[in-house]
Amino acid sequence: MHLHNLTLQDFGAYQGTQTLDLRVKPKRPIVLIGGLNGCGKTTLLDAIQLALYGPRARCSGRGNRSYESYLRESINRAADPGRGAGLRLEFSITAEGSARTYEVARNWHVNGKHVREKLEVYIDSKYDETISETWAEHIEDILPLEVASLFFFDGEKVEQLADPDRAAGVIEAAVQSLLGVRAVEQLRTDLLALQRRQRLSQGDQDAIEQIRVLEAKAQAVAQEVAEHTQNHEHATSLLDDARARLSKAERRFRRAGGRLYEQRHALEATRQAAAKRLEETQKALRELAVGAMPLALLREQLIALRKQAVREQEASEAQQVLSTLQTRDAWLIRQLSDSVPAEVRSELKKKLAADRKSRGSKAELDVDLSLPRDLAQKLATLEGTLSADTMRTKELLQAAQEAAHELEQAERQLAAVPDEQRVRALVEERQQAMEAVAVAQDAVNRHAGLVQEAETRRSRAEVDLERVRQRWANTRIREEELQRVITYAEKARGTLERFGHALLRKHISSLEVAVLRSFQALMRKRGLITDLRIDIDKFTLALTNQDGEPIDPSRLSAGERQLLAISLLWGLAKVAGNRVPTVIDTPLGRLDSRHRQHLVDRYFPHAGRQVLLLSTDEEIDKRLLERLKPSIAHSYVLTHDDTTFTTRVEPGYWWTEGERHAV
């Protein structure tokens, strides 16, 4: 992979459009980019990674922010967010013997509350829609992210490798990704996936999976049924025991008169009510007794007296009528004319006399008591009153008898109520027994419901399982046919596993030699380390001095550990064939002048076919620049404007002859 150029459009501190030519030539593999701290050196490294990997890019300034937030904040502060920012990276690769040029253009802008991103990929100057849509997968075939992270490194990456406790993970990732070991492991994984696809696709993979799930489900539900049934039986046994205890408590309670004790308040209320009714009835009888009611004892005499009064009244009325009739009859006779025959007149007189005689018989009394004229009426009224009072008296006497009987019964029952002290313990025992029965009954009902629910689910699971088993029965023949594929795939996986171990050992051996030689080339203490080993299981480093004694990497100085980390990266690049550009950001922070000179002379010109070196003026100074100049293809300096907080990319370096960048 060879980087051609990088274009930044309002990205970070880079305002406007700025382009860096990154092409190198044989024996001139270095592109030197100088910049003071905070001018944007690391931003260039981030730009390359962002252009290639988008959301997966391991940009130094992103932190824990979301990808959208990172893009929004990456737009230059002086630029219009609506126009946004963009990156364009051009590079070439050789595939199947022919070179292909890629141009990746990634642009984004703010649209309302969201950031809209657009990715376009051109291959040999032609837009490729398919590659643009699947770029995340395509770039992994060209340069996997894990591999790129080993060649695009800054001081933080060197710090990780310089820490013995953290270096093992980086070494493992490098060996797995860069040296082809991961490809072997991926092939084993693919074979495993093939096995699984064959196994899961035999006949009906849904039926197979459903059988496993339903068998486990049916077994689990059957276990639930058994557990709930056992719990229900236990609860039923407890309920029977509780009912037996309650029955015994009830019997003791009844024998002790407990029922009457429970009814004592009701009996007392009944007794009081009966006594009150009896008293009220007796009061009503007394009120009747002080009235006309005693005259009921003289009922026959009062009837005879009333009859006598009626006769005397009728006799008096007859006397009055008789006197009136006699006067009337005489008047009627006088009114007869003289022409009326005497015999008619005589007959009329006889009839009138007979009428008066008949009426006169009623006026005759055997006994005349000279009773008052209105006595009959008064006696009739008295008779009605006595009849009503007599009926009322009968009713009151009946009520009094019933109240007296009820009072007697209540008093008899109250007399039989046991003493509270005698039954208190029995009451508490009975109450506790009743509560225990209620609790046990609730448990029985609950467990019965659980049993029924589990039985229903078990029946449903068994039906589903039988249905899927029928489907599975139709695919058994195909399963046997495909079993051969699975068997041979398993054998191939075993072969690949052995091959992977052998490949890993081979690469580890080559890497040990390359790293040791690189380290010895960079160290000023030539005899400090004579042997270097990498643990094939833990990927830890083991160093040995010239006396054959082990040296703990943590005992090395900070500068020596940094050189060891760079040697490890250099060794990885050598073993991998230097086919990936190397981007090095501020690599000389903790090194003394001798080690810096060794890096400039022995490492940078040979770190790869293309090396982007990002440095401060104190790292690659004027003296080191002169030593590095024969290997430089291009040099740039990042000029920062402290008033606008923007950075410009200008050709040259601080001490380049004829340039205006001298410090």
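Note that this is a predicted model, so its numbers are computed, not measured. (Residues numbered from 1 in each chain as written. Predicted model: local features only at pLDDT ≥ 70, side-chain atom pairs only at ≥ 80, totals over all residues. Heavy atoms only, no water.)

The next subject is the packing of helix H1 (residues 41-53) against helix H4 (residues 135-142). With their axes 9 Å apart at the nearest point, H1 and H4 run at an angle of 115° to one another. Residues Ala51, Leu52 and Tyr53 of H1 pack against Trp135, Ile139 and Glu140 of H4. Each residue belonging to the contact of H1 with H4 can be placed in one class, and the counts come to five nonpolar, no polar and one charged. (Axes fitted to C-alpha atoms, helices over the stretch in contact; angles between N-to-C directions. Helix = DSSP H or I, 4+ residues; strand = E, 2+ residues; numbered from the N terminus. Contact = heavy atoms within 4.5 Å. Nonpolar A, V, L, I, M, F, W, Y, C, P; charged D, E, K, R; others polar.)

Moving on: the nonpolar core. Ranked by size, the top nonpolar core spans 101 residues in total, and within it Phe91, Trp135, Tyr603, Phe604 and Ile620 carry the most contacts. Sequence-distant contacts of Tyr603, defined by excluding residues within four places in its chain, comprise Phe153, Leu522, Ile566, Trp570, Ile584 and His598. One finds Leu246, Ala249, Ala433 and Ala440 within the second-largest nonpolar core, a separate group that totals 10 residues. (Core = buried A, V, L, I, M, F, W, Y, C linked by side-chain atoms within 4.5 Å. Buried < 20%, exposed > 50% of the residue type's maximum accessible area, 1.4 Å probe, protein only.)

Our next topic: the pattern of salt bridges. Scanning the model with the defined rule gives 18 salt bridges in all. One salt bridge connects Glu90 with Arg23, and the closest N-O pair in it is separated by 3.5 Å. Highlighted residues: Glu90 in strand E4 (residues 85-95) and Arg23 in the loop between strand E2 (14-21) and strand E3 (30-35), separated in sequence by 67 residues. Judged by its relative accessible area of 35%, Arg23 is partly exposed. Via salt bridges that share partners, Asp21, Arg23 and Glu90 belong to a single interconnected network. (Salt bridge = Lys/Arg side-chain N within 4 Å of Asp/Glu carboxyl O.)

Attention now goes to the sheet that holds strand E10 (residues 541-544). Read from one edge of the open sheet, three strands run E9-E10-E11, paired in antiparallel fashion. Strand pairing shows two members of the sheet lacking a second neighbour, strand E9 (531-534) and strand E11 (550-551), which therefore form its edges. Where E9 meets E10, four bridges bridge the pair, whose relative direction is antiparallel. Each bridged residue has a counterpart across the sheet, and for Leu532 the counterpart in E10 is Leu543. (Pairing = 2+ DSSP bridges.)

For the rest of this paragraph, the subject is the confidence of the model for the protein chain. On average, residues of the protein chain score 79 in pLDDT, and 79% of them reach the 70 mark or higher. Here helix H8 (residues 181-201) is the element of the protein chain with the lowest mean pLDDT, 55, and strand E1 (residues 2-11) is the one with the highest, 95. pLDDT under 50 marks residues 658-663. Its contacts with residues more than four places away, or in other chains, come to 16 contacts. (pLDDT = per-residue confidence, 0-100.)

Before going further, it helps to examine empty space enclosed by the protein. Throughout the structure, instances matching the rule amount to two cavities of 30 Å³ or more. In this structure, the largest cavity occupies an estimated 40 Å³ of space. Every residue lining the largest cavity is listed: Leu150, Phe151, Phe153, Leu569, Trp570, Ala573, Thr582, Tyr603 and Ala607. The set of elements that each furnish at least two residues to the lining of the largest cavity consists of helix H5 (145-151) and helix H17 (558-576). Here the element with the most residues in the lining of the largest cavity is H17; it accounts for three residues. Here the lining of the largest cavity is built from residues that sort into eight nonpolar, one polar and no charged. (1 Å grid on protein atoms, 1.4 Å probe; cavity = no way out; pocket = protein on both sides within 12 Å on 5 of 7 lines; lining within 4 Å. Points joined across faces, edges and corners; volume = space filled by probe spheres on them.)

So, on to the packing of aromatic side chains. Given two aromatic rings, one states the distance between the centres and the angle between the planes to describe the pair. Tallied over the entire structure, the rule returns nine aromatic pairs. Considering the side-chain rings of Tyr102 and Trp135, the 6.1 Å spacing of their centres and the 50° angle between planes classify their relative orientation as tilted. Of the two residues, Tyr102 is situated in strand E5 (residues 98-111) and Trp135 in helix H4; the sequence distance between them amounts to 33 residues. The two residues Tyr102 and Trp135 agree in class, both being buried. Every member of this aromatic cluster is reached through a ring pair, and the members are Phe91, Tyr102 and Trp135. (Phe/Tyr/Trp six-rings, centres within 6.5 Å; stacked < 30°, edge-to-face > 60°.)

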